[in-house]
Each structure stands twice: as C-alpha cells, then as structure tokens.
Amino acid sequence: MSTLAGKTILMSGGSRGIGLAIALKAAADGANIAMLAKTDTPHPKLEGTVHTAAEQIRAAGGQALPIVGDVRDDDDITEAVLKAQGEFGGIDIVINNASVIDLSRSLDLSAKKYDLMQDVNVRGTFMLSRAAVPVLKDAANPHILSLSPPLNPTPKWLGAHTGYTLAKFGMTMVTLGLAAEFARDGIAANTLWPRTTIATAAVQNLLGGDKVMAASRTADIYADAAYAVLLKPAAECTGQTLVVEDVLEAEGITDFSGYAAVPGTPDDRLFPDIFL
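Residues numbered from 1 in each chain as written. Predicted model: local features only at pLDDT ≥ 70, side-chain atom pairs only at ≥ 80, totals over all residues. Heavy atoms only, no water.

What follows is about the packing of helix α4 (residues 111-136) against helix α6 (residues 162-181). The interhelical angle for the contact between α4 and α6, taken along N-to-C directions, is 10 degrees, at an axis separation of 9 Å. When the axis of α4 is compared with that of α6, the two are roughly parallel. Every residue of α6 that contacts α4 at Tyr 114, Met 117, Gln 118, Asn 121, Val 122, Thr 125, Phe 126 and Ser 129 is listed here: Gly 163, Tyr 164, Leu 166, Ala 167, Lys 168, Gly 170, Met 171, Val 174, Thr 175 and Leu 178. Residues of the contact of α4 with α6, tallied by class, amount to ten nonpolar, seven polar and one charged. (Axes fitted to C-alpha atoms, helices over the stretch in contact; angles between N-to-C directions. Helix = DSSP H or I, 4+ residues; strand = E, 2+ residues; numbered from the N terminus. Parallel < 35°, antiparallel > 145°, perpendicular 65-115°, else oblique. Contact = heavy atoms within 4.5 Å. Nonpolar A, V, L, I, M, F, W, Y, C, P; charged D, E, K, R; others polar.)

Okay, structure coming up:
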C-alpha cells in the first residue's frame with residue numbers, strides 16, 4: 001500500500017483548521033511539511049501559529065519546516081520553495097490552503113477586503129503553484145491540490161456574495177488551468193470541497209457560531225479525502241473538481257457518522273456547505 005512517507009508537501013496557511021488536519025494526516029505517514037503561513041505570534045481569536053503547527057506535525061511523526069511569510073509576497077513564495085527544496089531535497093505536493101473569507105454582499109464589501117480575497121485566494125494559488133512547478137516536475141507523483149469548490153455558475157451562488165464567490169471560483173480556475181497546462185509534465189492539479197460545513201474557527205467566527213459548528217463535520221473528513229487524492233497516480237487523477245464525500249465513497253467509506261462534530265448528529269441535520 002502506498003503512503004506519503006518521505007513525500008514533501010508545501011502548504012500555504014495551515015497553522016490551524018483544515019490545513020493543519022491535512023498536514024497531520026500526512027505527518028502520520030512520515031511526510032515532510034513545509035508550511036508558509038503568516039501567523040508567527042498567537043492571534044487573539046484564533047488558535048495556533050505556524051510554530052505550534054510544526055510542533056504538532058513533528059509529534060504526529062512528520063518533519064516540519066515552518067516558514068513565516070505571506071502568500072501575497074512573491075519573495076516569500078520564492079523563499080518557501082527554495083527552503084522546502086533545500087531542506088527536503090524536492091517538493092512532491094503543493095496544497096493551496098490559504099484563503100480569506102468575507103460573505104459580505106457587494107454593496108457592503110470593502111474594496112480592501114475584495115483585493116485581499118483576490119490576492120490570497122486567486123493570486124496566491126497561482127503564484128505558489130507556479131513557483132513550485134519546476135521542482136514538482138522532478139517528483140515521482142506530483143500533485144497540486146487547492147481547497148476550492150466546483151465551478152457552479154448558478155445565480156444562487158453567483159449572487160450570494162459575489163466578491164467571495166469570484167475569489168473561490170478563481171482558485172478553481174487557476175487549478176484547472178494548471179492541470180491542463182502541465183498535464184504533459186505529469187503534474188496533477190485538482191480541487192477539493194466538502195458537502196457540509198467543517199467545524200473550524202472560520203465557521204465559528206464568520207458563518208454562524210455554535211449552531212453551525214454543532215451541525216458540521218470535523219476537519220478529519222477533509223483530511224482523509226485529501227490523503228486519498230494525494231496517493232492517486234497523478235496521470236489518472238487531474239483536472240477534477242472533487243467533493244470530499246464522493247472521494248471517500250469511491251474509497252469504500254460510506255458511513256460518515258464518525259466525522260460529526262457533535263457525535264450522534266444525523267447526516268440530514270448537518271449544515272450544507274456553500275457552492276454545491
């Protein structure tokens with residue numbers, strides 16, 4: 001059975017939430033995680049820094065390289081790629097996890113926040129992936145995985161929060177474009193998105209507090225699906241907008257009850273995520 005042992009993952013963000021859960025799942029195999037995140041010191045409302053994440057990765061059995069930096073800064077991106085390659089001898093996987101969320105309606109969304117979502121979500125995904133491509137070309141089974149949704153141009157989602165929708169669909173467009181552009185180089189590029197909300201600080205603070213948290217699944221379901229995708233042969237799994245639950249079902253996992261944030265919550269009581 002294949003594992004991620006010895007593989008090197010370069011991840012944007014990841015000091016908490018879904019990104020950290022994916023990192024810890026890979027670390028349990030003995031993977032190397034280079035994490036480019038800007039949380040150097042604790043945030044008053046959010047747990048975790050790039051340093052505490054590194055400690056958890058090492059405790060889980062992986063190698064960690066915490067890199068304090070910003071995915072909006074091209075020099076930081078270049079440095080992250082060079083550091084990951086220098087420390088671990090290459091890069092096998094890029095995970096575009098860093099993302100800004102603001103569900104404001106168009107008349108309420110500040111220009112600054114619009115720009116931030118475009119810079120982190122879309123430009124960051126493009127620039128980090130692009131910077132890593134020359135190194136990924138040398139990997140045995142290279143993957144790019146972006147945590148973004150399938151393109152769903154229904155008025156319901158296009159009109160719900162146009163600025164955020166644009167930024168998340170932009171991540172997906174970048175990823176699908178890279179999949180097409182670098183297919184002949186053997187680099188897989190896919191996106192992954194959940195059917196239900198995931199119990200993270202973002203959901204707690206921005207989407208509905210305790211009520212939505214209680215009707216969510218844990219980040220472990222996202223991590224298990226990402227793990228399954230990253231083990232697939234790159235040539236056979238690329239250019240796809242994957243859904244977490246579909247990936248797991250294809251792996252033979254049909255009982256998701258163990259992923260409920262509040263044990264015993266039936267599936268039909270869970271809060272559906274956006275975009276699907």
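Here we take up the packing of aromatic side chains. Tallying each qualifying case throughout the model produces five aromatic pairs. Site record: aromatic cluster; members linked through ring pairs are Trp 157, Tyr 164, Phe 169, Trp 193 and Phe 275. Of note, Lys 25 hangs over the ring of Tyr 227, and the distance from its end group to the ring centre comes to 4.9 Å. (Phe/Tyr/Trp six-rings, centres within 6.5 Å; stacked < 30°, edge-to-face > 60°. Lys NZ or Arg CZ within 6 Å of the ring centre and 35° of its normal.)

Across all of its chains, the model carries nine salt bridges by this definition. One salt bridge connects Lys 232 with Glu 251, and the closest N-O pair in it is separated by 3.1 Å. Note that Lys 232 is positioned in the loop between α8 (219-231) and β7 (241-243) and Glu 251 in the segment after α9 (244-250), a separation of 19 residues in sequence. It is possible to trace a salt-bridge network through shared partners that takes in Arg 217, Glu 245 and Asp 267. (Salt bridge = Lys/Arg side-chain N within 4 Å of Asp/Glu carboxyl O.)

With that settled, consider the sheet that holds strand β6 (residues 188-193). With parallel pairing, the seven strands of this open sheet are ordered in space as β3-β2-β1-β4-β5-β6-β7. Strands with a single pairing partner mark the edges of an open sheet, and in this sheet they are β3 (63-68) and β7. Adjacent strand axes in the sheet meet at a mean angle of 20 degrees, parallel and antiparallel pairs treated alike. As judged from the four bridges shared by strand β4 (residues 93-96) and strand β5 (residues 143-146), these two strands associate in the parallel manner. If you follow Asn 96 over to β5, its bridge partner there is Ser 146. On top of the sheet, helix α2 (residues 50-60) reaches β2 (32-37) and β3; it is set at about 175 degrees to β3, its chief contact. (Pairing = 2+ DSSP bridges.)

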